Amino acid sequence: MKNIKYKMQITTCSPVFIGSGEEISSGEFLKDSNYIYIPYKKDLSQIVTSDDALFANYKDVLRKIALEKSNNQQKSNQLNLASVFCKHPALREKLKKTSKQIFISSDLKQKNDDLANPIKLFMSNSNGFYIPGSSIKGAFRTYILKSLIENQKYSINEYSKGKQIENSLLRTGEEKTSDDFLRAWQFADSEIIENKNFEIYKIDKLGSSKSLLPIYIVGLKQNTKIEFTFTYDTYTARILRSNVPPIDELLNQLNQVASQEIKQLKTQHSTMKNLIPQNESINFSLGGHIGKLRHTLFTGKIPKTISTVNGVSVGWCHLQILNKEEF
């Protein structure tokens, strides 16, 4: 049996966020009316230490920001990286030229938001932003399980047995990663995504009764196209006796799961007309801040809280196969 290599493309239908686990505070980026500038740590260190007065000011601002954070004080708009460079405009412009430049979303610009809270960063490496293959594989895994669970017609009373159900459907029955059927699926990281495809967004928690602090993210813009490769190892699949078919046979099933998710979201939040992007090709959801519905295996539960950007639920995508080859 031959292996199959797929070239695939994700098109974002709403903002998408793949978190790196890192965030930056107001003392770690520059901001003007249209962009934020995220300096590389090496460049920032070289520039602030090139001038004694600048370095002293930098340490003082960071100390005050840390003090505010430890005392849970309201953040001061004056404590930011721009204030560090207020008397050093030439060095500030030098730093901006070597920094990651990210556009501020139109909604935040209109509100003149000061971005006082930390900004959560998208996954990146030394070359730039990207989507890890592990994130794509994890999303596929959830969708496949949902589809299989739906086909098996498990009752709501059995939802508490999620781990047992997962083991029975995607493993040989035991909780062993070595027996996981998706070992035959090999996802590569995506291509590097250009900075121009990102914006700073504010996440709103629709349906939450709690008073939440603002959440800011570096998010992928709508209508961004990202390519990645995926290999289906037919030999490993046969050894594991996997009953999961190649990916081109799964797209219709994934579309059915996405359609069910959308239906449930519209039912729960029927007053929000723009909650789901107006795009009939949606067949996949990906990333963080997408709500419990798309994280849980149990399709019978509808989430009360949904993360949105400007009223639109985040994380929706269109997935397609560009080409495939056997080898």
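Let me begin by describing the structure that accompanies this report. Once a new chain begins, its residue numbering starts again from 1 and follows that chain's sequence as written. Residues qualify for local features only when their pLDDT is at least 70, as the model is predicted, and side-chain atom pairs are given and counted only at 80 or more; totals for whole chains, interfaces and linings, by contrast, use all residues. Note that water and hydrogens are dropped before the side-chain values are worked out from all heavy atoms of the structure.

**A short note on the packing of aromatic side chains**
- Aromatic pairing here means that ring centres of Phe, Tyr or Trp (its six-membered ring) are within 6.5 Å. Orientation follows from the plane angle: under 30 degrees is stacked, over 60 is edge-to-face, and everything else is tilted. Tallied over the entire structure, the rule returns 15 aromatic pairs.
- Where F187 meets F228, the ring centres are 6.3 Å apart and the plane angle is 35°; that geometry is what we call tilted. Taken together, the positions of F187 in strand β9 (residues 185-187) and F228 in strand β12 (residues 225-232) put the pair 41 residues apart, joining distant regions of the chain. No difference in accessibility class separates F187 from F228, as the two residues are buried.
- By definition here, charges over rings are those cases where NZ of Lys or CZ of Arg is within 6 Å of the ring centre and within 35 degrees of the ring normal. Above the face of the F129 ring, K100 is positioned so that its terminal group lies 4.6 Å from the ring centre. Strands here are runs of E lasting at least two residues and helices are runs of H or I lasting at least four, both read from the DSSP assignment and numbered beginning at the N terminus. Whether a residue is buried, partly exposed or exposed follows from its accessible area with a 1.4 Å probe, protein chains only, as a fraction of its type maximum: under 20%, in between, or over 50%, in that order.

**Considerations on the nonpolar core**
- Throughout this description, the term nonpolar core refers to a set of buried Ala, Val, Leu, Ile, Met, Phe, Trp, Tyr and Cys residues connected via side-chain atoms within 4.5 Å. Counting residues in each nonpolar core, the largest one holds 76 residues, and the members touching the most others are I36, F122 and W185.
- With seven residues, helix α6 (residues 133-152) is the single largest residue contributor to this core.
- Residues are treated as being in contact if the distance between any of their heavy atoms lies within 4.5 Å. Non-local contacts of I36, meaning those with residues more than four positions away in its chain, are made with I24, F29, L30, K31, K100, Q101, I102, I104, L115, I119 and I200.

**A look at the sheet that holds β9**
- Between any two strands, at least two bridges found by DSSP are needed for them to pair. Overall, antiparallel pairing links the five strands, which are arranged β9-β12-β1-β16-β13 in an open sheet. Where the open sheet ends on each side, the last strands, each with one partner, are β9 and β13 (284-285).
- Summarising the sheet, strand β1 (residues 4-12) and strand β16 (residues 316-326) pair through nine bridges and their orientation is antiparallel. When the sheet's bridge partners are listed, I10 is paired in β16 with L319.
- For helices, the fitted axis covers only the stretch in contact; all axes are lines through C-alpha atoms, and the angles between them, taken along N-to-C directions, range from 0 to 180 degrees. Sheet strands touched by helix α9 (residues 251-268): β13 and β16. Its angle to β16, the strand with the most contacts, is close to 180°.

Just distances and angles here, no functional claims.
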